[in-house]
Amino acid sequence: MRIANAKSGSATLRLTSFTDYGLRVLMRVAGEPERAFTTAELADEFSVSRNNLAKVISALAGAGYLETRRGGGGGAMLARPAVEIRLGDVVANLESAQTLVECFASGSNTCTLTPGCRLKARLAHAEAAFLADLNRSTLADCAYHPLNA
């Protein structure tokens, strides 16, 4: 999760592309929960590399959001009902390797302001509020239903 300056001068929240694609995969699979989706099929639909999407699907399966099967008729399906998957939990899981700002990284923090910084607590509160707000919604609230399906 990153805060970046937009051209308008206001701050915008940015998730990594990994999280973006993770959410897209879950939304798409939730739209047709009885169907198994192959990595190739989703990669083609999203116009992204199969290798990158395979990593996303692997992470989602490892976190218990998807179950995957190999072979004919295989693919990725939701591991549990979409109504049980909270969006904030998904984002927190997929963004767990990213820190909002450098001082949140305990092992690699080199910020010289850290000992007396009064911003870190406010940023931690804002991040927690963001995730809590997302957790008010489930994957079922944003399942993607293709127009031609």
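Our structure's up above, just so we're on the same page.
Anyway, here's the lowdown on the structure attached to this text. Sequence order as written defines residue numbering, which begins from 1 separately in each chain. Where totals are concerned, whole chains, interfaces and linings use all residues; where local detail is concerned, this predicted model gives features only for residues with pLDDT of at least 70, and gives and counts side-chain atom pairs only at 80 or more. Heavy atoms from the whole structure form the basis of all side-chain values; hydrogens and water molecules are not counted.

**Quick word on the packing of aromatic side chains**
Point 1. A pair of aromatic rings is counted whenever rings of Phe, Tyr or Trp (Trp by its six-membered ring) have centres within 6.5 Å, and the orientation is called stacked for planes under 30 degrees apart, edge-to-face for over 60 and tilted otherwise. Under the criterion given, the structure shown has zero aromatic pairs.
Point 2. Throughout this description, the term charge over a ring refers to an Arg CZ or Lys NZ atom that lies within 6 Å of the ring centre and within 35 degrees of the ring normal. Here the guanidinium or amino end of arginine 35 rests over the ring plane of phenylalanine 37, the centre of that ring lying 4.2 Å away.

**Quick word on helix H3 (residues 50–62)**
Point 1. With 13 residues, H3 extends 18 Å from end C-alpha to end C-alpha; this agrees with the ideal 18 Å at 1.5 Å per step.
Point 2. Under the rule applied, a polar contact is a pair of N or O atoms within 3.5 Å (in protein, one hydrogen donor and one hydrogen acceptor; residues adjacent in sequence only if both atoms are side-chain atoms). The secondary structure listing takes helices from DSSP runs of H or I that are at least 4 residues long and strands from runs of E that are at least 2 residues long, numbered from the N terminus. Near the N-terminus of H3, the side chain that reaches the backbone nitrogen of asparagine 51, with its oxygen 3.2 Å away, is that of serine 49.
Point 3. Glycine 64 occupies a position one or two residues after H3 and carries a positive phi of about 85°. A helix is expected to span 1.5 Å for every residue after the first.

**Here's the deal with the environment of glutamine 98**
Point 1. Assignment of secondary structure puts glutamine 98 in the loop between helix H4 (87–94) and helix H5 (120–134).
Point 2. Classification of residues uses two cut-offs on accessible area relative to the type maximum, computed with a 1.4 Å probe and protein chains only: under 20% is buried, over 50% is exposed, and between them is partly exposed. Take glutamine 98: its relative accessible area is 32%, and that puts it in the partly exposed class.
Point 3. For the pair glutamine 98 and threonine 16, spaced 82 residues apart in sequence, the C-alpha to C-alpha distance is 8.4 Å.

**Description of the packing of helix H1 (residues 17–31) against helix H2 (residues 39–46)**
Point 1. Only the stretch in contact is used when fitting a helix axis, every axis being a line fitted to C-alpha atoms; angles between N-to-C directions are given from 0 to 180 degrees. Two elements in contact, H1 and H2, have axes whose closest approach is 11 Å; the angle formed by their N-to-C orientations is 110°. With respect to each other, H1 and H2 are oriented roughly perpendicular. At the point where H1 passes H2, the crossing takes the right-handed sense. Judged by residue contacts, Tyr21, Arg24, Val25, Arg28 and Val29 of H1 engage Leu42, Glu45 and Phe46 from H2.
Point 2. Each residue receives one of three labels: charged for Asp, Glu, Lys and Arg, nonpolar for Ala, Val, Leu, Ile, Met, Phe, Trp, Tyr, Cys and Pro, and polar for the others, Gly being one of them. The class makeup of the residues in the contact of H1 with H2 is five nonpolar, no polar and three charged. Here the angle decides the label: under 35 degrees means roughly parallel, over 145 means roughly antiparallel, 65 to 115 means roughly perpendicular, and every other value means oblique. For any pair of crossing helices, the crossing counts as left-handed if the nearer helix is rotated counterclockwise from the farther one by less than a right angle, and right-handed if it is rotated clockwise. Residue contacts follow a heavy-atom distance rule, with two residues in contact if any of their heavy atoms lie within 4.5 Å.

**Digging into H1**
Point 1. Spanning 15 residues, H1 covers 21 Å between terminal C-alpha atoms, matching the ideal 21 Å at 1.5 Å per step.
Point 2. For H1, the complete set of buried residues consists of Thr19, Gly22, Leu23, Val25, Leu26, Arg28, Val29, Ala30 and Gly31.
Point 3. In the core, the buried residues of H1 are packed alongside H2, H3, strand S3 (66–69), strand S4 (75–78) and H4.

**Topic: the pairing of S3**
Point 1. Direction of pairing for S3 relative to S4: antiparallel, over a ladder of four bridges. When the sheet's bridge partners are listed, threonine 68 is paired in S4 with alanine 76.
Point 2. Linking two consecutive strands that pair antiparallel, namely S3 and S4, is a turn of five residues; a positive phi of about 90° is found at glycine 71 within it. Between any two strands, at least two bridges found by DSSP are needed for them to pair.

**Looking at the environment of leucine 53**
Point 1. As for its position among the elements, leucine 53 is in helix H3.
Point 2. In this structure leucine 53 comes out as buried when scored by relative accessible area, which is 1%.
Point 3. A sequence separation of 35 residues divides leucine 53 from phenylalanine 18, and the C-alpha atoms of the two residues are 8.4 Å apart.
Point 4. In contact with leucine 53, other than residues within four places in its own chain, are Tyr21, Val25, Thr39, Leu42, Ala43, Phe46 and Val48.

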